[in-house]
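Fold and contact review
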Amino acid sequence: MSKWILIFITVLFLFSNQIPAFAEGTGDLPLKSESAVLLDTETNAVLYGKNADEKMYPASVTKIATAIYAIEKGNLDSIATVSANAVRQDGTRVYLVEGEQVPLKKLIQGMLINSGNDAAVATAEHIDGSVDLFAEHINEYLKTVIGVKNTHFTNPSGLHDDNHYTTAMDLALITNYAMKNPQFAEIFGTKRLHWEGQSWNTDLITHHLMLKGELPYAGITGGKTGYTTVSKQTLATTADNGNLKLTAIVLKSDQKRDKYDDTAILFDYGFNEYVHSTLKHGEVYKSGEKEFLLDSDLLVTEDKNGIVKKVNSTGQLSIENPNGQVLQVAQLKQKEEPKPVETSLKSSKSTNKQEYAAPYFWIIIAAAAAVLIGAGKKITGKM
């Protein structure tokens, strides 16, 4: 395709008022997982999706949400008292003891690194007093603070409940939000941690095989595994190649190895096909007769084959790849109309009249005085 045709298409899109919905992945990635999403960690650009908004069961990937909620709402140095309810939890544990005193940060480490369900419940009870209140509050937090729309959690660990669900897209957005918190990012990327508990003295080692190094992939920065018989295999992973930071979510894989293979395929695709660029502050975009602009520089994720920029009548800027897939959306500010020239001219004329009125007034007074004086002299002479 010639350069001039590309320019013509770009201009045509810039003046379009239509914003298409997010397009699913092109279907050329051989993923075995039932649902998957690849996002740019920094920009939230959607690079690939497969059943991205389908209701799914997350299993222990839930603990990503529990962790960032607890970090933001609680004090990491505060001391939690472990309840009998926490100790009784099924599944993977860090073997807490009823009445044990544990710092909140240590509980979060235990549930993210070793996927401790007892640590997750102890965290929820410490933050909100009970699991029920925790569920109520975290659902509100996820909607109002992070902005997800298709998630509802009933517990902090991800143990199966028919009403405990999310989507690959929501999990990716939650993970991206969490990764902006340095304390979360540190724990999420921890491979090994020495654990000294009242009943358990050991080294906790991440269950995530790519982070651990058993299934090597360059640049892995964090991860969380999950599994129940209903959810099947679930996985959240972040990676950084020095140019891009990516987040991959894969849900409902039949085999454990499938979720890692799918994650590697997603990362290969993202790192090979996308780069970062910056749209500059003050750059003007048009939609019909309206003009909009960026009020600050905007980092965007760009397909290596280029991007297409569309603006609708409300100033919503849509960044798309050449195939029409929406990568990123940003809200622009409408350009202010200049004040009418007539207003300033009238003001200027009014000011000028006032400036020149005073000298003319005194000239007229002086002339009148001269006439009166002259007339007086004549009258005096005749007398």
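Residues numbered from 1 in each chain as written. Predicted model: local features only at pLDDT ≥ 70, side-chain atom pairs only at ≥ 80, totals over all residues. Heavy atoms only, no water.

Describing the sheet that holds strand β12 (residues 290–293)
The 3 strands lie next to each other as β11-β12-β17, forming an open sheet whose pairing is antiparallel. Edge positions in the sheet fall to β11 (284–287) and β17 (333–334), since each has one partner strand and no second. As defined by bridge partners, β12 adjoins β17 across 2 bridges and the pair is classed as antiparallel. Paired with L293 across the two strands is K333, which belongs to β17. (Pairing = 2+ DSSP bridges. Helix = DSSP H or I, 4+ residues; strand = E, 2+ residues; numbered from the N terminus.)

Notes on helix α2 (residues 62–73)
With 12 residues, α2 extends 17 Å from end C-alpha to end C-alpha; this agrees with the ideal 16 Å at 1.5 Å per step. Counting buried residues in α2 gives 10 out of 12 residues, a clear majority hidden from the surface. Regarding α2, the residues found buried are T62, K63, I64, A65, T66, A67, I68, Y69, A70 and I71. (Expected span 1.5 Å × (residues − 1). Buried < 20%, exposed > 50% of the residue type's maximum accessible area, 1.4 Å probe, protein only.)

Re the environment of L215
One can find L215 in the loop between α9 (209–212) and β7 (220–228). As for L215 and A264, which are separated by 49 residues in sequence, their C-alpha atoms are 9.7 Å apart. Residue contacts for L215: discarding those within four places in its chain leaves L209, M210, R257 and Y260. (Contact = heavy atoms within 4.5 Å.)

Remarks on helix α5 (residues 117–128)
Taking 1.5 Å per residue, 12 residues should reach 16 Å; α5 reaches 17 Å between its end C-alpha atoms and fits that length. Along α5, 11 of the 12 residues are buried, which leaves the element largely enclosed by surrounding structure. Within the span of α5, buried status applies to N117, D118, A119, A120, V121, A122, T123, A124, E125, I127 and D128. Along its buried surface, α5 packs onto α2, α3 (84–87), α4 (104–113) and α6 (131–146). Remark: G129 follows α5 within two positions and exhibits a positive phi of approximately 95°.

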